[in-house]
Amino acid sequence: MIEIDGLQKSFGSNRVLDGISLRVPEGKVVCVIGPSGSGKSTLLRCVNGLESYEGGDVRVDGLRVDRTQKEIRAVRQRVCMVFQRFNLFGHRTALENVTEGPIYALGVAREAAEREGMALLAQVGLAGKEKSYPAQLSGGQQQRVAIARALAMKPRAVLFDEPTSALDPELVGEVLRVMRDLARGGMTMMVVTHEIGFAREVADHVVFMDRGKVVEEGPPAEVLVAPRAPRTQDFLRRVL
Ligand code: ADP
Ligand code: MG
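Thresholds applied
Residues numbered from 1 in each chain as written. Chains lettered and ligands numbered in written order. Predicted model: local features only at pLDDT ≥ 70, side-chain atom pairs only at ≥ 80, totals over all residues. Heavy atoms only, no water. Axes fitted to C-alpha atoms, helices over the stretch in contact; angles between N-to-C directions. Helix = DSSP H or I, 4+ residues; strand = E, 2+ residues; numbered from the N terminus. Parallel < 35°, antiparallel > 145°, perpendicular 65-115°, else oblique. Left-handed = near helix turned anticlockwise from the far one by under 90°. Contact = heavy atoms within 4.5 Å. Pairing = 2+ DSSP bridges. Phe/Tyr/Trp six-rings, centres within 6.5 Å; stacked < 30°, edge-to-face > 60°. Buried < 20%, exposed > 50% of the residue type's maximum accessible area, 1.4 Å probe, protein only. Lys NZ or Arg CZ within 6 Å of the ring centre and 35° of its normal. Salt bridge = Lys/Arg side-chain N within 4 Å of Asp/Glu carboxyl O. Polar contact = N/O pair within 3.5 Å; in protein donor to acceptor, adjacent residues only side chain to side chain.

Enquirer: Please explain the packing of helix α3 (residues 94-104) against helix α4 (residues 110-123) as it appears in this structure.
Expert: Packed helices, taken two at a time, are described by the angle their axes make and the gap between the axes. Taken N-terminus to C-terminus, the directions of α3 and α4 make an angle of 130°; their axes are 9 Å apart at the nearest point. With respect to α4, the element α3 is oriented oblique. The interaxial crossing formed by α3 with α4 has right-handed handedness. Of α4, the residues touching α3 (which contributes Ala94, Leu95, Val98, Thr99, Pro102, Ile103 and Tyr104) are Arg110, Ala113, Glu114, Gly117, Met118, Leu120 and Leu121.

Enquirer: Sorry if this is basic, but what is going on with the sheet that holds strand β8 (residues 188-192) here?
Expert: Strands pair in a sheet through their backbones, by hydrogen bonds, and they do so in one of two ways: parallel or antiparallel. Here we have six strands laid out as an open sheet, ordered β6-β7-β8-β3-β9-β10, and mixed in their pairing. Each having just a single partner strand, β6 (79-82) and β10 (213-218) make up the two edges of the open sheet. Direction aside, the axes of adjacent strands within the sheet are offset by 20° on average. Of the pairings in the sheet, the one linking strand β7 (residues 157-161) to β8 comprises five bridges and is parallel in character. Opposite Ala157, over in β8, you have Thr188 as the bridge partner.

Enquirer: Explain the packing of aromatic side chains here, please?
Expert: How two aromatic rings sit relative to each other is given by the distance of their centres and the angle of their planes. Taken as a whole, this structure holds one aromatic pair when the rule is applied. Ring centres 5.4 Å apart and planes at 40° place the aromatic pair Phe208 and Phe235 in the tilted group. Here Phe235 lies in helix α9 (residues 230-239) and Phe208 lies in strand β9 (residues 205-210), a separation of 27 residues in the sequence. The buried category is assigned to Phe235, whose relative accessible area is 3%. When the ring centre of Phe89 is taken as origin, the NZ or CZ atom of Arg92, which lies over that ring, is 5.4 Å away. Between Arg149 and the ring centre of Phe89, over which it is positioned, the NZ or CZ distance is 5.9 Å.

Enquirer: In this structure, what is going on with the sheet that holds strand β1 (residues 2-11)? I would like to understand it.
Expert: Pairing is antiparallel in the open sheet, where four strands are placed in the order β2-β1-β4-β5. The sheet is open, and its two borders are formed by β2 (14-24) and β5 (63-64), each paired with just one other strand. Where β1 and β2 come together, eight bridges link them in antiparallel fashion. Counted as the bridge partner of Leu7 is Ile20 from β2. This element, helix α1 (residues 40-47), spans β1, β2 and β4 (55-60) of the sheet and lies at about 120° to β1.

Enquirer: Any chance you could explain the pattern of salt bridges here in plain terms?
Expert: Where charged atoms of side chains with opposite charge meet at close range, the side chains can pair. One pass over the full model with this rule turns up 21 salt bridges. With its nearest N and O atoms 3.2 Å apart, the salt bridge here joins Arg64 to Asp66. By relative accessible area, which is 19% here, Asp66 ends up buried. Each of the salt bridges in this network shares a partner with another, and the network as a whole consists of Glu26, Asp61, Arg78 and Arg156.

Enquirer: Before we go on, may I ask you to explain the side chain of Asp210 in this structure?
Expert: Residue position: Asp210 is located in strand β9. Assessed through its relative accessible area of 10%, Asp210 is described here as buried. Among the polar contacts listed, one links the side chain of Asp210 to the side chain of Arg231, at a separation of 3.0 Å. Apart from residues no more than four positions distant in its own chain, Asp210 is found in contact with Pro35, Ser38, Val215 and Arg231.

Enquirer: Sorry, what's going on with the pairing of β6 here?
Expert: On a regular strand, one side chain projects to one face of the sheet and the next to the other, so that they alternate. Residues Val79 and Met81 point to one face of β6 and Cys80 and Val82 to the other, with burial holding for every one of them. Direction of pairing for β6 relative to β7: parallel, over a ladder of four bridges. If you follow Met81 over to β7, its bridge partner there is Leu159.

Enquirer: Please explain the environment of Val82 as it appears in this structure.
Expert: In this structure, Val82 sits in strand β6. When the C-alpha positions of Val82 and Gln143 are compared, they lie 8.1 Å apart, and in sequence the two are 61 residues distant. Not counting chain neighbours up to four residues away, the residues in contact with Val82 comprise Gln143, Ala146, Ile147, Ala150, Val158, Leu159, Phe160, Asp161 and Pro163.

Enquirer: Sorry, what's going on with unusual backbone geometry here?
Expert: In the Ramachandran plot, Asp61 falls in the positive-phi region, its phi being about 55° despite a non-glycine side chain. On the secondary structure map, Asp61 appears in the loop between β4 and β5. Since its relative accessible area comes to 29%, Asp61 is described here as partly exposed. Phi angles above zero are rare outside glycine, and Arg211 is one such case at about 45°. In this fold, Arg211 is placed in the loop between β9 and β10.

Encoded structure:
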């Protein structure tokens, strides 16, 4: 579903992605871990066309992601991103946040979008919160609205950029639970996270990045339990 080959990206003279290659097959979950500044967010942003790149190739569902092409809109409909800070519209209710995309970007009729939106909010455990505004919801609830909003676009894959790292510790579990259910339901997911327990349980494949390169990758039982590269060992010692 997601194919990245030799991806290179610089900001000025700062080479942020230095030949990244990885695959996210349909229905699989790939977790990306690595220290702050290693290029994880930039990698996700290249996958859904929020960022341009100089070298290599990114494909989603067979479509080349290239910000200069008009197909970028088609790519954005295939992959949705869930951010660390939920980025909800503050002056819209939970339900309006979820139905906005389908109504205005996909042209879905309001009634159908609302029916689907109610079902999605129920799916993320927020039945009854449809009319709440973001400020009336906890961080965990807001992040679950953001996940429902992403799903409302009927994406082929969802990208998560440290979706729980802005949350109070007691709210992390409810968001991870929704993500785990989504993974079990067969959603293709690329997840940047420091939640090693989640990665160990849910990921099919784990990628450890450092300074713009893939240092080590493999099944969670290898990369997270018995890492070979000293840099991976070092990183895991610090986050666990
Ligand atoms: P991570 O998500 O792993 O913490 P990022 O992808 O956010 O890493 O950042 C990787 C590097 O790219 C950092 O050195 C960061 O300062 C730099 N960077 C990210 N975005 C920009 C930008 N828009 N302009 C300039 N430098 C950037
Ligand atoms: Mg980041």
